[in-house]
Amino acid sequence: ETGVTQTPRHLVMGMTNKKSLKCEQHLGHNAMYWYKQSAKKPLELMFVYSLEERVENNSVPSRFSPECPNSSHLFLHLHTLQPEDSALYLCASSQVRQGAIYGYTFGSGTRLTVV
Amino acid sequence: QKEVEQNSGPLSVPEGAIASLNCTYSDRVSQSFFWYRQYSGKSPELIMSIYSNGDKEDGRFTAQLNKASQYVSLLIRDSQPSDSATYLCAVNTSGGSYIPTFGRGTSLIVHP
């Protein structure tokens, strides 16, 4: 496996369900991200894990909960979602160094539909 | 608030023409600039990065950066129908933040 792998590719869930999205990166990067992409909107940063730090967008509802057990794996736990949470959820990784910024490698995304 | 602006398009060009995509940003201390290509239903893919003023060429793609005017552009020469996609501009600011600000993207259509 190479790059950034996300599973599942598609997910349909009811509002009372609990599910998790999984992301794994094989690039040796030290930062991982969750983004939400809705139609006609810019990419919305949800969470960042870098060098064991967690950064979050304060506007993300608590029904989204991230977990990063190590530098290669990232999860997004979902519970009691709303229909407006239906979107493409993208995982990304990058290398972060002092004074240097590199571009992202994105996973293939999870298309989430909340019914 | 840091802003990155792109014309949403669609920008329609004939096959073989030069497609010019533009991006402006508000934060004067921005230092790193990226272009991503996103095909419909797919995830974004990094295609160009540029860090200093001037042009950077990679195959049919040229990124142009003008920090004084606060814009970055992407030129695609000899456009092909396979270039039809949404192009996202992303800008990083210095000062500790490694998290870029993304524009909304420009939809490009290359017609035969």
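In the block above lies the structure referred to throughout.
Conventions we followed
Numbers given for residues are sequential positions, taken from 1 along each chain in its written order. As they are written, the chains are lettered A onward and the ligands numbered 1 onward, keeping that order. For this predicted model, a pLDDT threshold of at least 70 governs which residues receive local features, and a threshold of 80 or more governs which side-chain atom pairs are given and counted, while totals over whole chains, interfaces and linings are taken from all residues. Hydrogens are left out, water is left out, and the side-chain values use all remaining heavy atoms of the structure. Among buried residues, those of type Ala, Val, Leu, Ile, Met, Phe, Trp, Tyr and Cys that are joined through side-chain atoms within 4.5 Å constitute a nonpolar core. Accessible area is worked out with a 1.4 Å probe on protein chains only. A residue is then buried under 20% of its type maximum, exposed over 50%, and partly exposed in between. Going along the chain from the N terminus, every DSSP run of H or I of four or more residues is numbered as a helix, and every run of E of two or more is numbered as a strand. What makes two residues a contact is simply this: any of their non-hydrogen atoms within 4.5 Å. Two parts placed together each lose some accessible area under a 1.4 Å probe, and the buried area is that loss summed for both. Salt bridges are defined as contacts in which a side-chain nitrogen from Lys or Arg sits within 4 Å of a carboxyl oxygen from Asp or Glu. Pairs of N or O atoms within 3.5 Å make up the polar contacts considered here, provided that, within protein, one atom can donate a hydrogen while the other can accept it, and that residues adjacent in sequence are counted only when both atoms are side-chain atoms.

Participant: Would you take a moment to explain the nonpolar core for this structure?
Facilitator: Side chains of nonpolar character tend, in soluble globular proteins, to be buried together. Counting 23 residues, the largest nonpolar core has Trp35(B), Val72(B), Leu74(B), Ile76(B) and Tyr87(B) as the members making the most contacts within it. Counting only elements with at least two residues in this core, the list comes to β3 (19–25), β4 (30–38), β5 (45–50), β7 (61–66), β8 (71–76), β9 (85–93) and β11 (106–111) of chain B. If sequence neighbours within four positions are ignored, Val72(B) has contacts with Leu21(B), Asn22(B), Cys23(B), Phe33(B), Trp35(B), Ile50(B), Gln64(B), Leu65(B) and Cys89(B). Met13(A), Trp34(A), Cys91(A) and Leu112(A) belong to the second largest nonpolar core, which has 21 residues in total.

Participant: Please clarify how the interface of chain B and chain A should be interpreted in this entry.
Facilitator: A common way to state how big an interface is: give the accessible area lost once the parts meet. Counting from both sides, the interface comprises 19 residues of chain B and, opposite them, 21 residues of chain A. With both sides pooled, the region where chain B packs onto chain A buries about 1600 Å², and carbon together with sulfur makes up 63% of that total. Connecting chain B to chain A are zero salt bridges. Seen at the junction of chain B and chain A, the total is three residue pairs in polar contact (both at pLDDT 80 or more). Counting only elements with at least two residues in the side of chain B that touches chain A, the list comes to β4 and β9 of chain B. Ranked by the residues each element gives to the side of chain B that touches chain A, the list is headed by β4(B), at four residues.

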